[in-house]
Amino acid sequence: MKTMALLMPFFFSRGAERAQDEEEDLVERLRRGDAAAVGEAYDKHYAAVRGFARRLTGDDASAEDLAHDVFISLPQAAQRFRGGSSLKTFLIAIAVNHARHHLRSAARRRAAMERLALEPDEGQASSPEREAGRAALAQALNRALDALPTAQRVAFVLCEVEERSAREASEIMGVPEATVRTRLFHAKQKLRTLLEERAP
């Protein structure tokens, strides 16, 4: 048993090295424009990119479009990848770079849905008060997030929603940690103010 315990760190480090070698090989194939490599990257990291996109945009359709854009642009973007972070982190950074257009379309879609929700539905019984309160709070949060500048919204989603460290967020956003913290601070302040203003 003692021998096995002594060998465990060796096996774990060999596994980590193998995973890193596989990722480096995948990145090299991406740089060469290998379509199969894009498929592998998609299989490995789609869920993480789509999850981030959903939390950032607050909208399923926009999240799907954003994730799609990330993998379409990956072969070209891979030319800029220097290996300072993981491929997954690099993909999230690509999503951040593509986010502006998708955030606008998500905000427009939400506004249209809210207008539809205000129209009376004669065939449906009225929903309980609690559900209405929950829906109103969700709408207020979405509207408040829509009002944030993109950089602040990205910092908020990365640090508060995805619970990433400021260091990770700075790698993804390509800015110093202090800038991430400043953006997060302003995002929280603005959200608090907006929610207080919109409280019934």
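This text gives an overview of the structure that appears in the document. Since this is a predicted model, take the numbers as computed values, not measurements.

### Some thoughts on the overall build of the protein
Link 1 in the chain: When its secondary structure is counted, the protein shows 8 helices and 0 strands.
Link 2 in the chain: Across the protein, helices and strands are ordered from the amino to the carboxyl terminus as α-α-α-α-α-α-α-α.
Link 3 in the chain: By the burial criterion, 35% of the 200 residues in the protein qualify as buried.
Link 4 in the chain: Long-range contacts, defined here as pairs at least 24 residues apart, represent 67% of the contacts in the protein between residues at least 6 apart.
Link 5 in the chain: Of the accessible surface of the protein, which amounts to about 12,500 Å², a share of 54% is contributed by carbon and sulfur atoms.

### Digging into the packing of aromatic side chains
Link 1 in the chain: Overall, the coordinates contain 3 aromatic pairs when judged by the stated rule.
Link 2 in the chain: Ring centres of Y42 and F71 lie 5.1 Å apart, and the angle between their planes is 70 degrees; on these two criteria the pair is classed as edge-to-face. Of the two residues, Y42 sits in helix α2 (residues 35-57) while F71 sits in helix α3 (residues 60-77), which places them 29 residues apart along the sequence.
Link 3 in the chain: What makes Y42 partly exposed here is its relative accessible area of 36%.

### A few points about the nonpolar core
Link 1 in the chain: L30, F52, F71, L74, L87, L91 and L158 are the most contacted members of the largest nonpolar core, which has 49 residues in total.
Link 2 in the chain: Going through the elements one at a time, α1 (2-31), α2, α3, α4 (87-118), α5 (129-147), α6 (150-161), α7 (166-173) and α8 (177-198) are the ones with two or more residues in this core.
Link 3 in the chain: A total of 10 residues in this core trace back to one element, the largest contributor, which is α4.
Link 4 in the chain: Setting aside its immediate chain neighbours within four residues, L158 contacts F52, I92, E163, R164, A169, I172 and M173.

### Re the environment of F185
Link 1 in the chain: Inspection of the secondary structure puts F185 in helix α8.
Link 2 in the chain: A C-alpha to C-alpha distance of 8.7 Å links F185 and F156, two positions 29 residues apart in sequence.

### Digging into α3
Link 1 in the chain: In this model α3 runs 24 Å from its N-terminal to its C-terminal C-alpha over 18 residues, within 8% of the 26 Å that 1.5 Å per residue would give.
Link 2 in the chain: F71 marks the point of greatest bend in α3, at about 25 degrees, and the proline P75 comes within the next four residues.
Link 3 in the chain: For α3, the set of buried residues is S62, A63, L66, A67, V70, F71, S73, L74 and A77.
Link 4 in the chain: In this structure D59 caps α3, since a side-chain oxygen of it lies 3.3 Å from the backbone nitrogen of A61.

### Some points on unusual backbone geometry
Link 1 in the chain: For E163, which is not glycine, the phi torsion reads 55 degrees and is therefore positive.
Link 2 in the chain: Tracing the backbone shows E163 in the loop between α6 and α7.

### Quick notes on the side chain of R164
Link 1 in the chain: Examined against the element boundaries, R164 turns out to sit in the loop between α6 and α7.
Link 2 in the chain: Its relative accessible area of 15% is what places R164 among the buried residues.
Link 3 in the chain: Of note is the side chain of R164, whose polar atom sits 2.7 Å from the side chain of E162.
Link 4 in the chain: Those residues in contact with R164 that sit more than four places away from it in its chain are I92, L158, C159 and I172.

What counts as what
Residues numbered from 1 in each chain as written. Predicted model: local features only at pLDDT ≥ 70, side-chain atom pairs only at ≥ 80, totals over all residues. Heavy atoms only, no water. Helix = DSSP H or I, 4+ residues; strand = E, 2+ residues; numbered from the N terminus. Buried < 20%, exposed > 50% of the residue type's maximum accessible area, 1.4 Å probe, protein only. Contact = heavy atoms within 4.5 Å. Areas by Shrake-Rupley, 256 points an atom, 1.4 Å probe, with all protein chains shown as cover. Phe/Tyr/Trp six-rings, centres within 6.5 Å; stacked < 30°, edge-to-face > 60°. Core = buried A, V, L, I, M, F, W, Y, C linked by side-chain atoms within 4.5 Å. Expected span 1.5 Å × (residues − 1). Bend = angle between axes of the 7 residues up to and from the residue. Polar contact = N/O pair within 3.5 Å; in protein donor to acceptor, adjacent residues only side chain to side chain.

So far we have only geometry, and geometry alone does not tell us how the molecule works.
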